Amino acid sequence: MIILVSLFVMSETWALTGTRLISQSKSGQTALFNLGFHDGVKEGDYGVIIKEIRSLDRRDLRLIPVARARNIKISTNQSIWILYKIFDPELLVKGEPYIILSESQVLSGRRDPRIGRIALVTEEDKAAFRVQESLKDDKDRLSKLKEYYPEIEVMHERDLRMNEDAKLYDVDSWKKVGRDKYRTAIYKSPYQDDFRRQFRLSTFEKIVSAYIKKVNDPNFNYDHFYEQQMKSELSNHFKKKSNFDTEYERFLTQQSKRSIEDSKLYRTILEKGEAWSQEFSDEELKSVLNQVSILQEKDRRAYFSDDPKQFSLYLGYGMNVTDAQTNDALGDQRQGNYSLELEFEGTPLLKHETLERFTLFGSVRSNRTAIETSGYNTRVDEVSMALGANWFPYFPAHVIEAPAIFIGAFIRSGTATLESPSVAEKSNYTLLTLPGLRLGMKYNFKNNVGLRLAFSLDRMLFDRYEQSTLGSILPDQANLTEGKMNFSFAYSF
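Presented here is an overview of the structure given in this document. (Residues numbered from 1 in each chain as written. Predicted model: local features only at pLDDT ≥ 70, side-chain atom pairs only at ≥ 80, totals over all residues. Heavy atoms only, no water.)

1. Overview of the overall build of the protein chain
Argument step 1. On a plain count of helices and strands, the protein chain comes out with 7 helices and 17 strands.
Argument step 2. By residue count, 33% of the 493 residues in the protein chain fall in the buried class.
Argument step 3. Excluding contacts between residues fewer than 6 apart, the proportion of contacts in the protein chain whose partners are at least 24 apart in sequence is 66%.
Argument step 4. Element-wise, carbon and sulfur atoms account for 55% of the exposed surface of the protein chain, whose accessible area totals about 32,100 Å². (Helix = DSSP H or I, 4+ residues; strand = E, 2+ residues; numbered from the N terminus. Buried < 20%, exposed > 50% of the residue type's maximum accessible area, 1.4 Å probe, protein only. Contact = heavy atoms within 4.5 Å. Areas by Shrake-Rupley, 256 points an atom, 1.4 Å probe, with all protein chains shown as cover.)

In structure tokens, the structure reads:
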């Protein structure tokens, strides 16, 4: 059945026909779809109408059966279906897209089932026994003589092979009339054509049911499924992956089975409440409690990984790696240049595979630095605000216990005071950085605390709007290119 489902899923047409509900009768039992015989559907087809449910924050797909239906009339681009079994009437909405799994497409390429017929003629009181014996194919014949044929080892299960897909049984008995005997019918099986039709529909429903169950399995992953079906580069007729399981795949299978066992244990604990441990001995209870503690730790780790933090708050300290002062300029050089910065960062589109790697941030900074202007070393005291964006190419900003490298760009605006102590002059300036760049790495711990190391490069433009004396030697405009190494403590929430 697994092979059959795989072939069904990977067929070129997929037997998945997209359509829209055009209209529906007042009773809801008749529906018109924009689906015609050009789409591979035939008049009289049975089908299953399915609604696709896609998640916005995860890359998955779920298929919800809406109704069982039969096509009663079809044209080139439209068809009328009788909905003889509706599972959820609220999912039938005019104009909405649906998928119709039709009998003709799902069973395309399959031969009609071969049906055999056997007539059993026996005494009327032995009819039931003879039918059961025939259905078993007399598999217990040797066991009746087991003293002569001892069983040493079971090599494989008994395999019954027939030329037909199914057999129909007719049961007759002998009726004596005078000296002659005549066959009299006790039971007649359905006509072969009717049974063949029922057999075909049963196969159709099994395939559809297995496919929907497989796709809706929480452990089913499309990427892994397509990877298993990828064709070889050398030959498009052969799969790249071998049919033999590797050691890693066997390990994953064991992990999956263990996960199912863990789920059963949790369910047992929840159903029985405080009395769940009464059936265990002391040694068994000790082992189970140890297992429960391991499961709780696994759930805790899964919680942190599945519940990413959208916002972060940073308190940073910056050290200058460049110095715009010179030994040739007049005045003492300013020592101990540093900055303090408070920053707020957020991820606008969390849990989106691509867009969650972009974050927006805003910050307030107090910066103590210096510059050389007009031959004098000049002190700069700045207060500014910055707005920008970061891109995390490898891991998103909320990743735990992994280095999240980022590249950022920002604009900065604020005010600054330039003071030259050697000539006792001071002026006030507006400040603008357009743009600034930074490169860094962030590391988050499980307790929501993190560290960040970043290098930033600002090219600040100063424009004077106030001066302390006329004819000041301080310039009307100045610029400062400054590189900083920033260390920050982070808290995510």
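2. Description of a nonpolar patch on the surface
Argument step 1. A grouping of Phe-311, Leu-313, Leu-315, Leu-342, Phe-344, Phe-445, Val-449, Leu-451, Phe-489, Tyr-491 and Phe-493 is seen on the molecular surface, where their side chains present a nonpolar patch of about 1,000 Å² in accessible area.
Argument step 2. Of all the elements in the fold, those that place two or more residues in the nonpolar patch are strand S10 (311-320), strand S11 (338-346), strand S16 (449-467) and strand S17 (477-492).
Argument step 3. At 3 residues, S10 tops the list of elements feeding residues into the nonpolar patch.
Argument step 4. Tracing the backbone through its elements, the reader meets Phe-493 in the segment after S17. (Patch = residues over 30% accessible without salt bridge, like charges linked within 9 Å, V, L, I, M, F, W, Y side chains within 5 Å. Salt bridge = Lys/Arg side-chain N within 4 Å of Asp/Glu carboxyl O.)

3. Concerning the sheet that holds S17
Argument step 1. Strands sit in the order S10-S11-S12-S13-S14-S15-S16-S17 around a closed barrel of 8 strands; the barrel is antiparallel. Sheet twist, expressed as the mean angle between neighbouring strand axes with direction ignored, is 25°.
Argument step 2. Bridge count between strand S12 (residues 358-373) and strand S13 (residues 376-391): 16 bridges; the pairing is antiparallel. Bridge pairing in S13 places Gly-362 opposite Leu-387. (Pairing = 2+ DSSP bridges. Axes fitted to C-alpha atoms, helices over the stretch in contact; angles between N-to-C directions.)

4. Section: the side chain of Asp-458
Argument step 1. Relative to the helices and strands, Asp-458 resides in strand S16.
Argument step 2. Discounting residues that sit within four places of it in the chain, Asp-458 has contacts with Arg-365, Phe-410, Arg-412, Thr-433, Leu-480, Thr-481 and Glu-482.

5. Digging into the pattern of salt bridges
Argument step 1. Tallying each qualifying case throughout the model produces 9 salt bridges.
Argument step 2. With a shortest N-O distance of 2.9 Å, Glu-96 and Lys-51 are connected by a salt bridge. Note that Glu-96 is positioned in the loop between strand S5 (79-86) and strand S6 (97-102) and Lys-51 in strand S3 (residues 46-54), a separation of 45 residues in sequence.
Argument step 3. The closest approach of N and O atoms between Glu-343 and Arg-438, which form a salt bridge, is 3.0 Å. Residue Glu-343 is located in strand S11, and its partner Arg-438 is located in strand S15 (residues 425-444); the two are separated by 95 residues in the primary sequence.
Argument step 4. If you follow the salt bridges from partner to partner, you end up with Glu-343, Arg-438 and Arg-452 in one network.

6. Here we look at the pairing of S10
Argument step 1. Pairing geometry for S10 and S11, over 9 bridges, is antiparallel. By the bridge assignment for S11, Gly-316 is matched with Glu-341.
Argument step 2. Two strands pair when backbone bridges link them, and S10 and S17 are joined in this way by 9 bridges, in the antiparallel orientation. Within the sheet, the bridge partner assigned to Tyr-314 lies in S17 and is Ala-490.

7. Notes on the side chain of Arg-438
Argument step 1. Taking the relative accessible area as the measure of exposure, Arg-438 reaches 9% and is therefore buried.
Argument step 2. A polar contact of 3.0 Å, which involves the side chain of Arg-438, links it to the side chain of Glu-343.
Argument step 3. Those residues in contact with Arg-438 that lie beyond four places of it in its chain are Glu-343, Phe-361, Asn-390, Phe-406, Ile-407, Gly-408, Phe-410, Arg-452, Phe-455 and Ser-456. (Polar contact = N/O pair within 3.5 Å; in protein donor to acceptor, adjacent residues only side chain to side chain.)

8. A look at the packing of aromatic side chains
Argument step 1. Taken as a whole and judged by the stated rule, the model has 11 aromatic pairs.
Argument step 2. When the ring of Phe-358 is compared with that of Trp-391, the centres are 6.5 Å apart and the planes differ by 25°; the resulting orientation is stacked. Of this pair, Phe-358 sits in strand S12 while Trp-391 sits in strand S13, and the two are 33 residues apart along the sequence.
Argument step 3. Ring centres of Tyr-443 and Phe-445 lie 5.2 Å apart, and the angle between their planes is 65°; this geometry places the pair in the edge-to-face category.
Argument step 4. For Tyr-443, a relative accessible area of 27% corresponds to the partly exposed category.
Argument step 5. Overall, the relative accessible area of 36% leaves Phe-445 in the partly exposed class.
Argument step 6. Among the aromatic residues, those joined into a ring-pair cluster are Phe-311, Phe-344, Tyr-491 and Phe-493.
Argument step 7. Directly above the ring of Phe-361 sits Arg-438, whose terminal nitrogen or CZ lies 3.9 Å from the centroid. (Phe/Tyr/Trp six-rings, centres within 6.5 Å; stacked < 30°, edge-to-face > 60°. Lys NZ or Arg CZ within 6 Å of the ring centre and 35° of its normal.)

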